[in-house]
Amino acid sequence: MIGSEYVVSDVMTRTVVALAAGATFKDIVRTIETQRISALPVLDTRNRVIGVVSEGDLLRKEEFRNSASDRGPRARPPAGLGKAQAVTASDLMTSPAVTVRPEATLAQAARVMARRGVKRLPVVDGDGVLKGIVSRSDLLRVFLRSDRDIAEEVRGEVVAGRFPDRVESVDVDVHEGVVTLTGRVRDSSLIPLAVRLVRSVEGVVDVRCALTGPRHRPALEPDLAQDGNEGGDGARFA
């Protein structure tokens, strides 16, 4: 991978609003409203993340407000009823929490969010202690890299590394994160690899490749090639 690969600790928010396990329902609602945050990590007394309370967890109470209470002793309670009856963070939270480590790459964090259907991830160390929080918008921040920075990295890390003999023959142009490679290279078999490496540079939106291989010398006509190899009466050239 390219040397400047970003990790979660590069983009996470380090000051995090969190809840104690005993936080009350109304306290949680007030915090979400004032902080404009859709989900909050819940911590134990050692600052370890033990769960997450989201707006969806809180809405269970409203969802079951008018549900029938005479379902009979053997009736199975509907899913979510327990949270509808909860009054503290420890009862409301989803546990265990979906978390990510500070050293995880942004791609790894994005995959966790997509697979688990969450918008924010608490960032924890090896002991589960809260270190920060990362959101979808944080992961998108790398696309704010300037075109100049991206071009310099592509030239220095990819082009110079893969085509060291003829770096001057490859032109790198970046506009709005889209990298265009043009020119002629000595070993065309390296072009697909170079494109993949450019695509892995943080902040690259797309790659357009117009690189070509070396010029081929035109083949001699068969009769000319034969004449040139015959001794005969013709002149010899040393």
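Residues numbered from 1 in each chain as written. Predicted model: local features only at pLDDT ≥ 70, side-chain atom pairs only at ≥ 80, totals over all residues. Heavy atoms only, no water.

Draft legend 1. Broad picture of the packing of helix H2 (residues 25-35) against helix H3 (residues 55-63). At their nearest, the axes of H2 and H3 sit 11 Å apart, and the two run at 130° to each other. Considered as vectors, H2 and H3 are oriented oblique to each other. At the point where H2 passes H3, the crossing takes the left-handed sense. Contacts from Phe25, Ile28, Val29 and Ile32 of H2 reach H3 at Glu55, Leu58 and Lys61. Of the residues contributing to the contact of H2 with H3, the split by class is 5 nonpolar, no polar and 2 charged. (Axes fitted to C-alpha atoms, helices over the stretch in contact; angles between N-to-C directions. Helix = DSSP H or I, 4+ residues; strand = E, 2+ residues; numbered from the N terminus. Parallel < 35°, antiparallel > 145°, perpendicular 65-115°, else oblique. Left-handed = near helix turned anticlockwise from the far one by under 90°. Contact = heavy atoms within 4.5 Å. Nonpolar A, V, L, I, M, F, W, Y, C, P; charged D, E, K, R; others polar.)

Draft legend 2. Local environment of the sheet that holds strand E7 (residues 178-184). The strand order across the open sheet built from 3 strands is E6-E7-E8, with neighbouring strands paired in mixed fashion. The open sheet is flanked by strand E6 (170-175) and strand E8 (206-212), the only strands paired with a single partner. Averaged over all pairs of adjacent strands, the angle between their axes in this sheet comes to 10°, without regard to strand direction. For E6 and E7, the ladder comprises 6 bridges, and the chain directions are antiparallel. Opposite Val174, over in E7, you have Val179 as the bridge partner. Strands E6 and E7 of the sheet are contacted by helix H8 (residues 147-162), whose axis makes an angle of about 150° with E6. Most of the contacts of helix H9 (residues 191-199) go to E8, to which it runs at about 155°, and overall it touches E7 and E8. (Pairing = 2+ DSSP bridges.)

Draft legend 3. Summary view of the environment of Ser189. Secondary-structure assignment places Ser189 in the loop between E7 and H9. Linking Ser189 and Gly213, residues 24 residues apart in sequence, is a C-alpha distance of 8.4 Å. Within the structure, the side chain of Ser189 is placed 2.6 Å from the side chain of Asp187, a separation counted as a polar contact. (Polar contact = N/O pair within 3.5 Å; in protein donor to acceptor, adjacent residues only side chain to side chain.)

Draft legend 4. Broad picture of the packing of aromatic side chains. Per the counting criterion, the structure on display carries 0 aromatic pairs. Of note, Lys61 hangs over the ring of Phe25, and the distance from its end group to the ring centre comes to 5.1 Å. (Phe/Tyr/Trp six-rings, centres within 6.5 Å; stacked < 30°, edge-to-face > 60°. Lys NZ or Arg CZ within 6 Å of the ring centre and 35° of its normal.)

Draft legend 5. Quick peek at H8. If you check H8, its first and last C-alpha atoms are 21 Å apart, about what 16 residues at 1.5 Å a residue would give, namely 22 Å. Bending of H8 peaks at approximately 30° at the position of Arg155. Residues of H8 that are buried include every one of Ile150, Ala151, Glu153, Val154, Val158 and Val159, and no others. Contacts from the buried residues of H8 go to E6, E7 and H9. (Expected span 1.5 Å × (residues − 1). Bend = angle between axes of the 7 residues up to and from the residue. Buried < 20%, exposed > 50% of the residue type's maximum accessible area, 1.4 Å probe, protein only.)

Draft legend 6. Spatial organisation of the packing of H8 against H9. H9 packs onto H8 with a crossing angle of 165° between their chain directions and a minimal axis gap of 10 Å. Overall, the two elements H8 and H9 adopt an arrangement that is roughly antiparallel. When the axes of H8 and H9 are compared, the crossing they make is right-handed. Taking contact as the criterion, the partners of Val154, Val158 and Arg162 in H8 are, on H9, Leu193, Ala194, Leu197 and Val198. Tallied by class, residues from the contact of H8 with H9 come to 6 nonpolar, no polar and 1 charged.

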